[in-house]
Amino acid sequence: MIKIGEYNKLEVIKERDFGFFLADKRKNEILLPKSLLNGNEIEVGDEVNVFAYMDSQGRPVATMKKPLIEVGKVAYLEVVQQNDFGVFCDMGLERDLFVPLKEQRFKLLVGKKYLFYAYLDKTGRLAATTDVDDYLDQGEGYKVDDIVEVISYGKGTSTTIKVAIDGKYRGIILGNEHIETIYPGDKFKARVKRIYEDGTVGLSTRKKRLDAREEIKEAILKYLKENGGMMAYNDKSNPEEIKEVFGTSKNYFKMALGGLMKEGLIEQNEEGTKLK
């Protein structure tokens, strides 16, 4: 049986002007158009490894081009088209991958990439879903303070972010471990904060406290120098204003101000902060 959405090892049994017919051991046949040889040269009698999928007419077709995703796999794909029934993603082949509306756990935007899991629908066509959680593995070998690349794929609670480490392994970022707004499909670096008992990797986008404080101190001094040595922010300022201007929490901002005051570089009053 030729498996749709997967690689198949098949024998080249005949050639026509438009392509080659391939067959499995049970004599099931599939067409490999010459336009999909991907630069390869084959002849009758060869055994070839091809990917099988359904074309726009619902006919099985083989290709020697490499798809970006296979059935049963998770991949990071770009949404390229949208209609009333769902969206289509670029899977590296002539035919795009369909994601039905019912398989979208959040709004998908054309031009943005997201994690998808590929499956065969009831008609035997290749389709995908954003519901990837059950298809990610538990990460092994990660250590606290490792810096890893992650892709967001949803929320656990209102503020907890679910991410895939290296696009493969399950991880979470608790609400108090990120300041910035994180959307599904975002790819970014994070630091391993802890490993939970079930193997899930806990992550943070915050820098370690001392590193973060030094960066914020530099940002405060730069801001002061660029604004005549004064600013309207101090340790009594609104947390939202601090986050908007300096991209950090009020707690970290106060720590940085305290450090600069101990160093004798700034002073605070009711109106704000100024350089000494």
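Note that the coordinates shown come from a computational prediction; the quantities given were computed from them, not determined experimentally.

S.K.: Help me understand the overall build of the chain, please; the structure alone is not making it clear to me.
M.R.: Across its full length, the chain holds three helices and 18 strands. Rg of the C-alpha trace for the chain: 27 Å, well past the compact-globule value of 19 Å for 276 residues, more than 25% over. Its C-alpha atoms give the chain principal-axis dimensions of about 85 × 40 × 35 Å. The burial tally for the chain puts 43% of its 276 residues in the buried class. Counted over contacts in the chain with a minimum sequence separation of 6, partners at least 24 positions apart contribute 55%. Summed over all atoms, the accessible surface of the chain reaches about 15,800 Å², with 47% contributed by carbon and sulfur. In the chain, 45 positive and 46 negative side-chain charges are present, and the distance between their average locations comes to 3 Å.

S.K.: How should the packing of aromatic side chains be read in this particular structure?
M.R.: Think of a pair of aromatic rings as described by two things: how far the centres are apart, and how the planes are tilted against each other in angle. Evaluation of the coordinates by the stated rule reveals twelve aromatic pairs. Considering the side-chain rings of Phe 88 and Phe 98, the 5.1 Å spacing of their centres and the 40 degrees angle between planes classify their relative orientation as tilted. Linking Phe 88 in strand S7 (residues 86-89) with Phe 98 in strand S8 (residues 97-100), this pair joins segments that are ten residues apart in sequence. Residue Phe 88 is classed as buried on the basis of its relative accessible area of 19%. An angle of 5 degrees between the planes, with centres 3.5 Å apart, marks the rings of Tyr 117 and Tyr 135 as stacked. Remark: Tyr 135 occurs in the loop between strand S10 (126-129) and strand S11 (147-155) and Tyr 117 occurs in strand S9 (residues 113-120); sequence separation between them is 18 residues. When its relative accessible area of 13% is taken as the criterion, Tyr 117 is described as buried. Overall, Tyr 135 belongs to the partly exposed group, its relative accessible area being 39%. Put simply, the rings of Tyr 223, Tyr 233, Phe 246 and Phe 253 touch in pairs and so form one group of aromatic residues.

Thresholds applied
Residues numbered from 1 in each chain as written. Predicted model: local features only at pLDDT ≥ 70, side-chain atom pairs only at ≥ 80, totals over all residues. Heavy atoms only, no water. Helix = DSSP H or I, 4+ residues; strand = E, 2+ residues; numbered from the N terminus. Rg over C-alpha atoms; globule rule 2.2 N^0.38 Å. Buried < 20%, exposed > 50% of the residue type's maximum accessible area, 1.4 Å probe, protein only. Contact = heavy atoms within 4.5 Å. Areas by Shrake-Rupley, 256 points an atom, 1.4 Å probe, with all protein chains shown as cover. Lys, Arg positive; Asp, Glu negative; His and termini not counted. Charge placed at Lys NZ, Arg CZ, Asp CG, Glu CD. Phe/Tyr/Trp six-rings, centres within 6.5 Å; stacked < 30°, edge-to-face > 60°.

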